[in-house]
Every structure is written in C-alpha cells, then in structure tokens.
Number of protein chains: 2
Amino acid sequence: MPSTHQSLAVLDVEGVLTPEVWIAVAERTGIDFLRRTTRDEPDYDVLMKGRIEALDAAGVRMTTIMEVVQGLAPLDGALGFLRELQSRVPVVLLSDTFEQFGRPLMAQLGWPLLLCHTLVVEDDRLADYRLRLPDQKAKAVDAFRSLNYRVVAVGDSYNDMTMLAAADAGVLFRAPANVRSEYPQYPACTAYDELLDLLTGKP
Amino acid sequence: MPSTHQSLAVLDVEGVLTPEVWIAVAERTGIDFLRRTTRDEPDYDVLMKGRIEALDAAGVRMTTIMEVVQGLAPLDGALGFLRELQSRVPVVLLSDTFEQFGRPLMAQLGWPLLLCHTLVVEDDRLADYRLRLPDQKAKAVDAFRSLNYRVVAVGDSYNDMTMLAAADAGVLFRAPANVRSEYPQYPACTAYDELLDLLTGKP
C-alpha cells in the first residue's frame, strides 16, 4: 500500500542552485575579507558586521553589490533540475541569504518560493541586516512537517545540518569531504540527475 | 522607520488564478451533480464521496478527468499578475484541490509552490481522496506567521475565511456579493492590478 503522506523538498540555494554571492562580491571588489565564511568565523553576527565594515572601508555602495548579484547566473543545469523536481513534488528554497540578493537569481529560476532574511539599506549603503528568524531552515522544515508533509532536505555545508536533521530524509549535494565524512548517515551526490533520483526515486 | 517584518502572500487558486476544476469536469461529462459545491453540501466528505459515486455511475475514468484538467488554462492575466507579485514578495498557493489536478495548471503558472491534498487513483479509477490536513489553509498561514512572516491572504469564498482570519491582512478577489457583505472587514476587488496594489502597495 502506498504511503498516504505527501512529500515536499527543501533545498539550500548557494552551492546547490547558484554560486556563492559573497565570493562573487569579493572577486569584483578585491576585498579578500569577503571570502570569509562561517567556517572561518562561526559567529554569524560577527561575520556580517565585519563584511559591512569592510564594504564601508572600501566605499563599496549597494548599487555595486547589486550589479555583482545581477551578473550571477544559476549553476549549469540548475534550472532544468529545479523544473523537473517541481513537476514531481512541491519545492521550497531555504537560504540564509537576503531578499535583495535572492531576487535577481529567483527571477532566473522562475520565482520559486525562497524563504530567507533581509538587508537594511540606507542611502545606497548596506547599513545592517535582519535575520527573520534564528535557525530558520530547521524551523521551516518543522513547520512543513507540522502541515503533514514528509520533508526531504538538500544541503551542502555545516549550516544546513540542523535542517537535514529536522527533515524526514536528508541528502548532501556537492558537499566538501569533511562534511561528507562527518555526516555519513546522509547519501551524497554531485550530479543533478542523481539528486533527482535520491529525492523522488526513479520516475 | 520601516517595519522589519518580511511579508509573504498566500493565494487561493480556483477563482483567483484558475477556473473551477469540478465545473469543467461537469461540463465535459454532462454530470450536473458535479456542479455542486460546499455551498450546496457543507460536509466536504459527503460532497467528495458523492462526486466519486457520480463519476463511477457514469463510468468516467481518471484519464478523462485529467484530459479536462489538462485542457484548462489559467484565468486571463493570472500569469502576469503572479509573476509581478512574486517579484515583490514570496508567494504560496493554498488550495483544497489535489496534487493531480494542480500539476497541469502549476506547469502553466511556472511551478509556484502549491500546498493541497491528494487523490487515490486505482486502475484509472478515482477511488478516494486524502485530505493532507483539515483546515490546511489557515494552518499554513499560522505556520508562516510562526516563521516570522507578515502574511497577507487572498480568497474568494467561504472556505477561505478561516485563512483570511488567520492572516495579518485579508483581501477578497472576485468574491460573490453575499461573501462581500458578510465580510465587510476585508477590502474587495476584481482586477489584478487593484489586487497587486492592495497586497503590496503602489510600487
């Protein structure tokens, strides 16, 4: 007898469907500090405040940052993968990015649902950021499970692990070796067709 | 000072973005019973069991029903409205339809997130249905509010009213006169450009 449970897939965005925004801003502006991630600075607030200070010190305006973001494209094959997945199960993107950064990329992905945070912009200056909710990825998974969905989650890095733990099933996509070896309970893959099979079974 | 709250819009589907599926099936099959709605039979389970019996009695197979659904198109202007709204706020479609009926229409709308129910199909016969969750529209609104979104909801009929009541703000779209007069607390409109303004303010 088939399960009566309806499934829903949640995906991390940067590294899974799109490039890393801060890396792209670092390359464009030449500010090496912006290459730092939560792996270098585990305190996200310290990291973001540092990013804002570095941008201020270099006189980089929001217009410039948004030009970088608008120049980004989804990863090769990401759009086709997403379309195929959406035709099989409802899909939600969960990212600790910001609405301002997300919009140009979501436009290219056909406006899937993206739940994320927001930036505070004042006079073309990136002034601050607002986390909508701490640990929002795991809490979103909890919410969809409370709505009686069986949730399968895809992530690539440490900040996805509470999301994978909250889900009914988790998959690592293009995760670095240390993440794969620390979390051997999750199947891992690097190609979108494998990911589709892991998420929904062979069609 | 601008609100730090991020907004999210939830929309009913049939009557707001697409035609009514059961009405279309009634027209194609000539089974007048399928024109009955929850206004004629408030007990949804009795209504659905009656629909299944009527289809069985007329020997209508799932293939025929799906041909009808696949022949439907979104309402005039719905796709443009949805695209514009998605470029401003995250959008979720909440419907008491079924995944099987939703898919051909979501394909035409670019695969927005649709939360709904599912049908049980056996040997090309519509055998039963599974409600994912009772009162799922209002519960989805509660869930998104618990994720710290300010939720604005759009509906057109009685079965949307718990969803509108749960939301931070509600709007009636193309609602019949009796719904509008019973729920005067909600602004009402009939054109997509007015609806955009009501949901997100003038751009």
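Details of the structure are given in the entry above.
Asks: Please provide a residue-by-residue account of the overall build of chain A, values included.
Replies: Looking only at helices and strands, one finds nine helices and seven strands in chain A. In terms of overall dimensions, chain A is globule-like: its C-alpha atoms have a radius of gyration of 17 Å, near the 17 Å expected for 203 residues. By its C-alpha atoms, chain A is 60 × 30 × 30 Å across when sized along the principal axes. Once local pairs closer than 6 in sequence are excluded, the contacts in chain A between residues at least 24 apart make up 57%. Carbon together with sulfur atoms contributes 50% to the accessible area of chain A, which is approximately 8600 Å² in total. In chain A, which carries 20 positive and 29 negative side-chain charges, the distance between the mean positions of the two groups comes to 3 Å.

Asks: So, the side chain of Gln6(A): which residues are in play, and what are the values?
Replies: If you trace the backbone, Gln6(A) turns up in strand β1 (residues 6-11). A distance of 2.9 Å separates a polar atom in the side chain of Gln6(A) from a polar atom in the side chain of Glu99(B). A distance of 3.4 Å separates a polar side-chain atom of Gln6(A) from the backbone oxygen of His117(B). Once you skip the residues sitting within four places of it in the chain, Gln6(A) turns out to touch Asn148(A), Tyr149(A), Arg150(A), Glu99(B), Cys116(B), His117(B), Thr118(B), Arg130(B) and Arg132(B).

Asks: Could you give an account of the interface of chain B and chain A, naming the residues involved and the relevant values?
Replies: Each partner contributes residues to the interface: chain B has 32 residues there, and chain A has 32 residues. Remark: the boundary between chain B and chain A carries zero salt bridges. Every element with two or more residues in the side of chain B that touches chain A is listed here: β1 (6-11), α4 (78-86), β2 (91-98), α5 (99-108), β3 (113-122) and α6 (136-146) of chain B. The leading source of residues in the side of chain B that touches chain A is β3(B), at six residues. Here the side of chain B that touches chain A is composed, by residue class, of 16 nonpolar, nine polar and seven charged.

Asks: Give a description of the relation of the copies chain B and chain A that names residues and reports values.
Replies: Mapping between the two chain copies consists of a rotation about an axis together with a translation along that axis. Mapping chain B onto chain A calls for a rotation angle of 180° and an axial translation of 0.0 Å; the resulting RMSD is 0.0 Å. Look at the turn and shift together and you get a two-fold axis relating the two.

Asks: If you had to explain the sheet that holds β3(B) to someone new, which residues and values would you point to?
Replies: Residue and element names in this part refer to chain B. The mixed open sheet is built from seven strands, whose spatial order is β4-β3-β2-β1-β5-β6-β7. If you trace the sheet from one side to the other, it starts and ends with β4 (125-130) and β7 (188-189), each paired once. Note: β1 against β2, three bridges, orientation parallel. Bridge pairing in β2 links Ala9 to Val91.

Asks: Quick one: what's the story with the pairing of strand β2 (residues 91-98) of chain A, residue by residue and with numbers?
Replies: All names here are of chain A. The buried fraction of β2 amounts to seven of the eight residues, a majority that puts the element mostly inside the structure. Sheet topology places β2 next to strand β3 (residues 113-122); four bridges connect them, and they run parallel. For Leu93, the partnering residue across the bridge sits in β3 and is Leu114. At this point the chain moves from β2, through helix α5 (residues 99-108), to the parallel β3, and the crossover so formed is right-handed.

Asks: Explain the environment of Val68(B) to me, and be specific about the residues and the numbers.
Replies: Residue and element names in this part refer to chain B. Locating Val68 in the fold gives a position in helix α3 (residues 62-70). Residue class for Val68 comes out buried when judged on its relative accessible area of 9%. Considered as a pair, Val68 and Glu27 are 41 residues apart in the sequence and their alpha carbons are 9.4 Å apart. When residues no more than four places from it in sequence are discounted, the contact partners of Val68 are Ala24, Val25 and Arg28.

Asks: Kindly report on the pattern of salt bridges, identifying the contributing residues and their values.
Replies: Residue and element names in this part refer to chain A. One pass over the full model with this rule turns up 22 salt bridges over all chains. When the shortest N-O distance is used, the salt bridge between Arg125 and Asp56 registers 2.8 Å. With Arg125 in strand β4 (residues 125-130) and Asp56 in helix α2 (residues 44-57), this residue pair connects regions lying 69 residues apart in the sequence. Using a relative accessible area of 35% as the deciding quantity, one classes Asp56 as partly exposed. Through salt bridges with shared partners, a single network forms among Asp45, Lys49, Asp128 and Arg130.

Asks: Report on the packing of helix α1 (residues 21-29) of chain B against α3(B), specifying residues and quantitative values.
Replies: Residue and element names in this part refer to chain B. Between α1 and α3, the shortest axis-to-axis distance is 9 Å and the interhelical angle comes to 115°. At the point where α1 passes α3, the crossing takes the right-handed sense. Here Val21, Ala24, Val25 and Arg28 of α1 come into contact with α3, specifically with Thr64, Ile65, Glu67, Val68 and Val69. Looking at side-chain class alone, the contact of α1 with α3 contains six nonpolar, one polar and two charged residues.

Asks: Quick one: what's the story with the sheet that holds β3(A), residue by residue and with numbers?
Replies: Residues and elements named next belong to chain A. Ordered in space as β4-β3-β2-β1-β5-β6-β7, the seven strands form an open sheet in which the pairing is mixed. Unpaired on one side and paired on the other, β4 and β7 (188-189) mark the two borders of the sheet. Its contacts with the sheet place helix α6 (residues 136-146) against β1, β2, β3 and β5 (149-155), and it is angled at close to 155° to β2.

Asks: How would you sum up the pairing of β5(A)? Please name residues and give values.
Replies: Across a regular strand the side chains alternate sides, sitting on one face of the sheet and then on the other. Residue and element names in this part refer to chain A. Burial analysis of β5 places six of its seven residues in the buried class, which makes it a mostly covered element. Pairing geometry for β1 and β5, over six bridges, is parallel. Paired with Gln6 across the bridge in β5 is Tyr149. Judged from the four bridges that link them, β5 and strand β6 (residues 169-173) form a sheet pairing that is parallel. If you follow Gly155 over to β6, its bridge partner there is Leu172. Handedness of the crossover joining β5 and β6 through helix α7 (residues 161-166): right-handed.

Cut-off values and rules
Residues numbered from 1 in each chain as written. Chains lettered and ligands numbered in written order. Predicted model: local features only at pLDDT ≥ 70, side-chain atom pairs only at ≥ 80, totals over all residues. Heavy atoms only, no water. Helix = DSSP H or I, 4+ residues; strand = E, 2+ residues; numbered from the N terminus. Rg over C-alpha atoms; globule rule 2.2 N^0.38 Å. Contact = heavy atoms within 4.5 Å. Areas by Shrake-Rupley, 256 points an atom, 1.4 Å probe, with all protein chains shown as cover. Lys, Arg positive; Asp, Glu negative; His and termini not counted. Charge placed at Lys NZ, Arg CZ, Asp CG, Glu CD. Polar contact = N/O pair within 3.5 Å; in protein donor to acceptor, adjacent residues only side chain to side chain. Salt bridge = Lys/Arg side-chain N within 4 Å of Asp/Glu carboxyl O. Nonpolar A, V, L, I, M, F, W, Y, C, P; charged D, E, K, R; others polar. Least-squares fit on C-alpha atoms with pLDDT ≥ 70 in both. Pairing = 2+ DSSP bridges. Buried < 20%, exposed > 50% of the residue type's maximum accessible area, 1.4 Å probe, protein only. Right-handed = clockwise from strand over helix to strand, strands pointing away. Axes fitted to C-alpha atoms, helices over the stretch in contact; angles between N-to-C directions. Left-handed = near helix turned anticlockwise from the far one by under 90°.

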